[in-house]
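# Working through the structure, step by step
Residues per chain are reported as follows:
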Amino acid sequence: RETNAALFYDISVLDKHATCESGGPKTLLEFYFLRRKQMNIKEENLKAVGLIKSRKSDAKIMKMAESMYSLAEAMDVELLDVVVDETANTDIDREEITAVCSLIEKADVSILILQSLDHLTDDEEDLDKFMSRVSDKGIAVVDMENKVIIIPSDSEESEADGEA
């Protein structure tokens, strides 16, 4: 799936201090921190929230959550909570998505970590609207299954891309 309001980067490299030969950002994290600076977002105390949609055993769910906590630690981000959705429901209006949105609003979250982007909803229009909202708030979305981070684009850049 693609969304218009974001840039996609591979999360397999987590060294936020590396730079490429041209001096620009080389890794996902360096690019993300540069993007946040461009959007005038403060760097202190970055926070994340996670979402796991699974009806697997508790041990397997705990292992998924542990991998989210490890990723957050590698990014030097505080993972506040991991919401677990054990329902078969894929509607964006379910209780667990509301809980994630509430955490995002109340805790000034910068990153949403998902087991998979597909776990949000299977409705394309609802997914696009959700992704636009989090992008407008400057929130990056990490899809661990596909090893992708979706970094919010700045609106001026999006407008310039649309004119080209």
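Here we summarise the structure given alongside this text. Only a predicted model underlies this, so the values are computations on that prediction, with no experimental measurement involved. (Residues numbered from 1 in each chain as written. Predicted model: local features only at pLDDT ≥ 70, side-chain atom pairs only at ≥ 80, totals over all residues. Heavy atoms only, no water.)

### Here we look at the overall build of the chain
A count of helical and extended segments in the chain gives five helices and six strands. Helices (α) and strands (β) of the chain occur, in sequence order from the N terminus, as β-α-β-α-β-α-β-α-β-β-α. The proportion of buried residues among the 164 residues of the chain is 43%. For the chain, the share of sequence-separated contacts (at least 6 apart) that also reach a separation of at least 24 residues comes to 68%. (Helix = DSSP H or I, 4+ residues; strand = E, 2+ residues; numbered from the N terminus. Buried < 20%, exposed > 50% of the residue type's maximum accessible area, 1.4 Å probe, protein only. Contact = heavy atoms within 4.5 Å.)

### Notes on the pairing of strand β4 (residues 111–114)
The alternating pattern of β4 places Ile111 and Ile113 and Leu112 and Leu114 on opposite faces, both of which are buried. With four bridges joining them, strand β2 (residues 47–53) and β4 adopt parallel strand pairing. Residue pairing across strands places Gly50 opposite Ile113, the latter belonging to β4. Sheet topology places β4 next to strand β5 (residues 140–143); four bridges connect them, and they run parallel. Within β5, the position partnered with Ile111 by the bridge is Ala140. The parallel pair β4 and β5 is bridged by helix α4 (residues 124–136), and the resulting crossover is right-handed. (Pairing = 2+ DSSP bridges. Right-handed = clockwise from strand over helix to strand, strands pointing away.)

### Here we look at the nonpolar core
Ranked by size, the top nonpolar core spans 21 residues in total, and within it Leu112, Leu117, Leu120, Phe130, Met131 and Val141 carry the most contacts. Of all the elements in the fold, those that place two or more residues in this core are β2, α3 (95–107), β4, α4 and β6 (148–152). Those residues in contact with Val141, other than ones at most four positions away along the chain, are Leu112, Leu114, Leu117, Met131, Val134, Val148, Ile149 and Ile150. Counting residues in each nonpolar core, the second largest holds 20 residues, with Ala65, Val82, Ala140 and Ile149 among its members. (Core = buried A, V, L, I, M, F, W, Y, C linked by side-chain atoms within 4.5 Å.)

### A look at unusual backbone geometry
If you check the backbone angles, Asp108 has positive phi at about 55 degrees while not being a glycine. Locating Asp108 in the fold gives a position in the loop between α3 and β4. In the Ramachandran plot, Lys147 falls in the positive-phi region, its phi being about 55 degrees despite a non-glycine side chain. Following the sequence through the fold, Lys147 ends up in the loop between β5 and β6.

### Structural notes on the pattern of salt bridges
As a working rule, side chains carrying opposite charge can pair if their charged atoms are close by. The final tally for this structure, using the stated rule, is three salt bridges. The closest approach of N and O atoms between Asp85 and Arg94, which form a salt bridge, is 2.4 Å. The buried category is assigned to Asp85, whose relative accessible area is 0%. With a closest N to O distance of 2.4 Å, Lys137 and Glu105 form a salt bridge. You can see Lys137 sitting in the loop between α4 and β5 and its partner Glu105 sitting in helix α3, a full 32 residues away along the chain. Overall, the relative accessible area of 45% leaves Lys137 in the partly exposed class. (Salt bridge = Lys/Arg side-chain N within 4 Å of Asp/Glu carboxyl O.)

### Description of helix α2 (residues 58–74)
In this model, α2 (17 residues) spans 24 Å end to end at C-alpha, consistent with the 24 Å of a helix rising 1.5 Å per residue. Against the buried residues of α2 lie β2, β3 (78–85), β4 and β5. Positive backbone phi, at 60 degrees, marks Asp76, one or two positions downstream of α2. (Expected span 1.5 Å × (residues − 1).)

### What to know about α3
When the terminal C-alpha atoms of α3 are compared, their 18 Å separation across 13 residues agrees well with the 18 Å that a helix rising 1.5 Å per residue should span. Among the residues of α3, those classed as buried are Glu96, Ile97, Val100, Ile104 and Ala107. Down the axis, α3 shows its buried residues gathered within 120 degrees of arc, on one side only. Away from its buried face by more than 90 degrees, α3 exposes Glu95, Glu105 and Lys106. Of the surrounding elements, those touching the buried residues of α3 are β2, β3, β4 and α4. Residue Asp108 follows α3 closely and has a positive phi angle near 55 degrees. (Arc of directions from axis to C-beta.)

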